[in-house]
There are 2 protein chains.
Amino acid sequence: MSLRGAHASFALLAILASASPASPASDGDAVYQYSTIRALMAGVYDGDLSLGEASRFGDFGIGTVNAIDGELIAIGGHFFRVAADGRATRLPPETQTPFIVLKHFQRATASALPVGIDLQSLEQHLDSLLSTPNHFHAIRIQGHFRAMVTRSEPRQTPPYRPLATVMAEEQVTFQLGDVKGTLVGFRSPDFVEGLNVPGYHFHFLTADETRGGHVISLISVDGEVEIDSASRLEVQLPESIAFTQSDLRANRSSELDAVERGR
Amino acid sequence: MSLRGAHASFALLAILASASPASPASDGDAVYQYSTIRALMAGVYDGDLSLGEASRFGDFGIGTVNAIDGELIAIGGHFFRVAADGRATRLPPETQTPFIVLKHFQRATASALPVGIDLQSLEQHLDSLLSTPNHFHAIRIQGHFRAMVTRSEPRQTPPYRPLATVMAEEQVTFQLGDVKGTLVGFRSPDFVEGLNVPGYHFHFLTADETRGGHVISLISVDGEVEIDSASRLEVQLPESIAFTQSDLRANRSSELDAVERGR
């Protein structure tokens, strides 16, 4: 990510101020998260929150399900899981999650997805659209992609190993090829390290809702970028023994980087 | 802090389970914080939140006021400032803050303050009382102290320097001697680094409400320890240009440690 460049852009946006259509205002509602990325990294793979309860906090977001049995995508209030075979299925409301990030998505800005860019260039493009790197931004990109590589992971059984170990040994990647669908994700400020993934974090669901996963790389064709920003974060920590008795002191940011980048 | 020992104690508490009077349950309400410790460290010393608005989120807590014009203590819904002369005064509701942490304090456990212990031993004692290091704990200790050293800092003028620089050059310490009063503070999980102060963070106000500050060291005589735990955190990020345009990427944890320990 080129955040130095992004900061220069933010400064410019500040000068352009309200004249800029690319400066979304916060609509007042919060980004909600259950548990923390550090707990997930440490192997706290079971949570007590059902998707039915979670849906009160947002209709849009990403996460996983208990036993990290796949990658979770929430769009329009529907929750999907992409399992280790790459297939997407709808999840019933009683499904429980150990980690999820949600928002009530209300589109604040919309603009065209640039043609022929990869994930790194997309992140740089988004940097130039965001009002500030110091708030949260929910990002929905419906588009056509010439290439899309995603990943998921198989259901785990206790005793759970750390996430970096699971991913290094069992991550499955999918070459979705030429595909239409929706990128669902967030940009979180760098200072959330420990709580959530700093920077961009995208999952993908195909338009026919049959495939997807955690996004590792892509090449765009066309589409629309929608951004919904938030200056509020609500964190619900699990009350479970698994969470409360875990040793969550280790800084796992280098492990996190390996897991998030999928390589 | 001896958290290794603390983790052993937490495991024991889990076995003792509900039989233990020292295992406070969360009462459901959240710890609320405005802005982030990293922004304060970076010199974002002016906020838009008035204490009148802030009081909706808690009657108990710590922080500072705009221009970091002293240390803030909230007790029983009253907000006090300890200025650079060591004097405590009541703050009017229109006073604005750049950083504050609040909770509606509802005592969940109470126990005696051990006799003759220093701040480090007090933190170890609290480790043994807390249900988990992975939730938030508001801690109120009304007591008599044989020694109490606090600090504050003078009002700053823009352009603001980083907090570590201000403290290194202008911090003022107070030897309050033999004194009665209230320690007001929180223990936050290690994973909040960037957002808030990991571990313990105490301010002090004398029983006659005339002196106090950020606690650097102490020796206890006697008193009562009250703990109120929370599994929820609400973070409100400022919408100000000062916050949104700041470069908040640097990890300032070593600077933070120097500032919090006051040396």
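Our subject is the structure listed above.
Residues numbered from 1 in each chain as written. Chains lettered and ligands numbered in written order. Predicted model: local features only at pLDDT ≥ 70, side-chain atom pairs only at ≥ 80, totals over all residues. Heavy atoms only, no water.

So, on to the overall build of chain A. The helix and strand inventory of chain A stands at seven helices and 15 strands. For chain A, with 263 residues in total, the buried portion stands at 59%. Considering only contacts within chain A whose residues lie at least 6 apart along the sequence, 81% involve residues at least 24 apart. Carbon and sulfur atoms make up 51% of the accessible area of chain A, which totals about 9,600 Å². (Helix = DSSP H or I, 4+ residues; strand = E, 2+ residues; numbered from the N terminus. Buried < 20%, exposed > 50% of the residue type's maximum accessible area, 1.4 Å probe, protein only. Contact = heavy atoms within 4.5 Å. Areas by Shrake-Rupley, 256 points an atom, 1.4 Å probe, with all protein chains shown as cover.)

Right, let's talk about the relation of the copies chain A and chain B for a bit. Mapping between the two chain copies consists of a rotation about an axis together with a translation along that axis. For the pair chain A and chain B, the relating rotation is 180°, the translation along its axis is 0.0 Å, and the fit reaches an RMSD of 0.0 Å. These values place the two chain copies in the arrangement generated by a two-fold rotation axis. Relative to the rotation axis, the closest C-alpha in chain A is found at Glu234 of chain A, a distance of 2.3 Å. Both copies present the same face, since 97% of the interface residues in chain A are matched by interface residues at the equivalent positions in chain B. (Least-squares fit on C-alpha atoms with pLDDT ≥ 70 in both.)

Leu163 of chain A together with Leu163 of chain B are the most contacted members of the largest nonpolar core, which has 76 residues in total. Sequence-distant contacts of Leu163 of chain B, that is, excluding residues within four places in its chain, are made with Leu40, Met41, Tyr45, Ile68 and Val259 of chain B. (Core = buried A, V, L, I, M, F, W, Y, C linked by side-chain atoms within 4.5 Å.)

To continue, consider the interface of chain A and chain B. At the junction of the two partners, chain A supplies 38 residues and chain B supplies 37 residues. Summed over both sides, the interface of chain A with chain B buries roughly 3,100 Å², with 51% coming from carbon and sulfur. Between the two partners, chain A and chain B, sit zero salt bridges. Where chain A packs against chain B, one counts 18 residue pairs in polar contact (both at pLDDT 80 or more). Sorting the residues of the side of chain A that touches chain B by element identifies helix H1 (3-16), strand E15 (232-236) and helix H6 (241-244) of chain A as the ones contributing at least two each. Classifying every residue of the side of chain A that touches chain B gives 15 nonpolar, 14 polar and nine charged. As paired elements, E15 of chain A and strand E15 (residues 232-236) of chain B share five bridges and run antiparallel to each other. What sits directly across from Val235 of chain A, in E15 of chain B, is Leu233 of chain B. (Buried area = accessible area lost by both parts, 1.4 Å probe. Salt bridge = Lys/Arg side-chain N within 4 Å of Asp/Glu carboxyl O. Polar contact = N/O pair within 3.5 Å; in protein donor to acceptor, adjacent residues only side chain to side chain. Nonpolar A, V, L, I, M, F, W, Y, C, P; charged D, E, K, R; others polar. Pairing = 2+ DSSP bridges.)

Given 3.6 residues per turn, any residue in an α-helix points the same way as the ones three and four places further on. Residue and element names in this part refer to chain B. Among all positions of helix H5 (residues 163-170), only Leu163, Val166 and Met167 are buried. Angular distribution of buried residues about the axis of H5 spans 95°; they occupy a single face of the element. Turned more than 90 degrees from where H5 packs its buried face, Ala168 and Glu169 sit exposed. Residues of H5 that are buried sit in contact with helix H2 (37-42), strand E4 (71-75), strand E10 (136-152) and helix H7 (253-261). (Arc of directions from axis to C-beta.)

What follows concerns the pairing of strand E8 (residues 99-103) of chain B. Residues and elements named next belong to chain B. In terms of burial, E8 is largely enclosed, as five of its five residues are buried. Here E8 shows two buried faces, one formed by Phe99, Val101 and Lys103 and the other by Ile100 and Leu102. Examined bridge by bridge, strand E3 (residues 60-64) and E8 share five bridges and lie antiparallel to one another. The residue of E8 that forms the bridge with Thr64 is Phe99.

This next bit is on the packing of aromatic side chains. Summed over all chains, the structure comprises 14 aromatic pairs over all chains. Ring geometry for Tyr200 of chain A against Phe202 of chain A: centres 6.1 Å apart, planes inclined by 10°, an arrangement best described as stacked. Look at Phe243 of chain A and Phe191 of chain B: their rings are 6.2 Å apart centre to centre, the planes differ by 70°, and that puts the pair in the edge-to-face class. Here Phe243 of chain A, found in helix H6, pairs with Phe191 of chain B, found in the loop between strand E12 (179-188) and strand E13 (199-206), and the two come from separate chains. The residues Phe243 of chain A and Phe191 of chain B share a single accessibility class, namely buried. Three or more aromatic residues joined by ring pairs make a cluster, and in this case those are Phe60, Phe105 and Phe186 of chain A. Over the ring of Tyr200 of chain A we find Arg187 of chain A, and its NZ or CZ is 5.6 Å from the ring centre. (Phe/Tyr/Trp six-rings, centres within 6.5 Å; stacked < 30°, edge-to-face > 60°. Lys NZ or Arg CZ within 6 Å of the ring centre and 35° of its normal.)

Moving on, we come to H7 of chain B. Residue and element names in this part refer to chain B. Listing the buried residues of H7 in full gives Leu256, Val259 and Glu260. Along the axis of H7, the buried residues cluster in a sector spanning 95°; they form a single face. Tucked into the core, H7 has its buried residues touching H2, E10, H5, E13 and strand E14 (212-230). Phi for Gly262, located one or two positions after H7, is positive at around 70°.

Another point: the side chain of Thr206 of chain B. All names here are of chain B. Topologically, Thr206 is positioned in strand E13. At 3.1 Å, the side chain of Thr206 and the backbone nitrogen of Thr210 are in polar contact. If sequence neighbours within four positions are ignored, Thr206 has contacts with Leu176, Val179, Lys180, Gly181 and Arg211.

Purely geometric numbers; function is a separate question.
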